[in-house]
Amino acid sequence: MYFVADCFLVMLFGCLWDFAFTVLLPALALDGFAGAVTCPVIFALMVVINQQMYLSGSRSTPKMCIIEEAWSMMGGANAQAREFINTGYRTVRKFGGSFCTVTQGIEDFFLNEEARAAFNNSDIHITLRQGEGFEKFIKENPKHFSPYEQSMIKNFPRAQDAGHSCAMIKAGSYTSFHRIFADPWSRSMLSTEPHEFEYCETLINTGTPLLDAIEKTAMHFNGEAMSEFAALLATYSARQESHP
């Protein structure tokens, strides 16, 4: 058992090491790893990220560690992972780096002291539409948001209904509210809606090139919006040609 784990870890270190030093924007997804494998995988990631962030010798190179679905690391039983995030938020600025953690709900940042410290050491907080847990969070932390901020967040509409996403950005003592729009092609490309994702995956698995699959998915689920967007692009292009 230990031999298998050790062999796997050595193999993983080699892959991650080569990956980290040859790719400028690496993206690593941990979905699908069994619980027994997750710990050595996270440990390998921590070593590689530490090397790149703190030991690479280039403080002038901007670096960012983005952790999606961070609740699994901040709220899990892996104390090393929690401390890694906590330490990163406290010290990484001195090395030209930054940390960004993404979770489904703000309550994930209050699961333990390490998660709370990571939240408190962040200069920028971006809050999107919250789920049912937001009401419970407000009751437990009534002073975290002002009454106006609470009201605005509670009234953020579903992006699917409104055609845009809403966000509250807090940078230092400044707070602002924004609407985020994406063209229908980009929405289909980034969509996690089960029907859209499966439709696009089916096209790809049957031999359709990726960009064509996204185009067909966008036309299938957002045909009217795609036509309107194409008309807007044509109008813009015509104006650019007439007024160079």
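Residues numbered from 1 in each chain as written. Predicted model: local features only at pLDDT ≥ 70, side-chain atom pairs only at ≥ 80, totals over all residues. Heavy atoms only, no water.

Right, let's get into the pattern of salt bridges. Taken as a whole, this structure holds four salt bridges when the rule is applied. Between Asp161 and Arg158 there is a salt bridge; the shortest N-O distance is 3.0 Å. When its relative accessible area of 37% is taken as the criterion, Arg158 is described as partly exposed. (Salt bridge = Lys/Arg side-chain N within 4 Å of Asp/Glu carboxyl O. Buried < 20%, exposed > 50% of the residue type's maximum accessible area, 1.4 Å probe, protein only.)

Here the protein averages 80 in pLDDT, while 80% of its residues score no lower than 70. pLDDT under 50 marks residues 1-14. Its contacts with residues more than four places away, or in other chains, come to 12 contacts. (pLDDT = per-residue confidence, 0-100. Contact = heavy atoms within 4.5 Å.)

The subject of this paragraph is the pairing of strand E5 (residues 174-180). Every regular strand shows the same layout, with side chains that alternate between the two sheet faces. Here strand E4 (residues 165-171) runs beside E5; their pairing, made up of seven bridges, is antiparallel. Following the sheet pairing, Lys170 is matched in E5 by Thr175. Between the antiparallel neighbours E4 and E5 lie two residues, among them Gly172 with a positive phi of about 65 degrees. (Pairing = 2+ DSSP bridges. Helix = DSSP H or I, 4+ residues; strand = E, 2+ residues; numbered from the N terminus.)

Quick look at the packing of helix H6 (residues 133-140) against helix H7 (residues 147-154) now. At a closest axis distance of 11 Å, the pairing of H6 and H7 adopts a crossing angle of 170 degrees. Here H6 is positioned roughly antiparallel relative to H7, judged by the angle of their axes. Facing Phe134, Glu135 and Ile138 of H6, the residues of H7 in contact are Gln150, Ile153 and Lys154. When grouped by side-chain class, the residues that make up the contact of H6 with H7 number three nonpolar, one polar and two charged. (Axes fitted to C-alpha atoms, helices over the stretch in contact; angles between N-to-C directions. Parallel < 35°, antiparallel > 145°, perpendicular 65-115°, else oblique. Nonpolar A, V, L, I, M, F, W, Y, C, P; charged D, E, K, R; others polar.)

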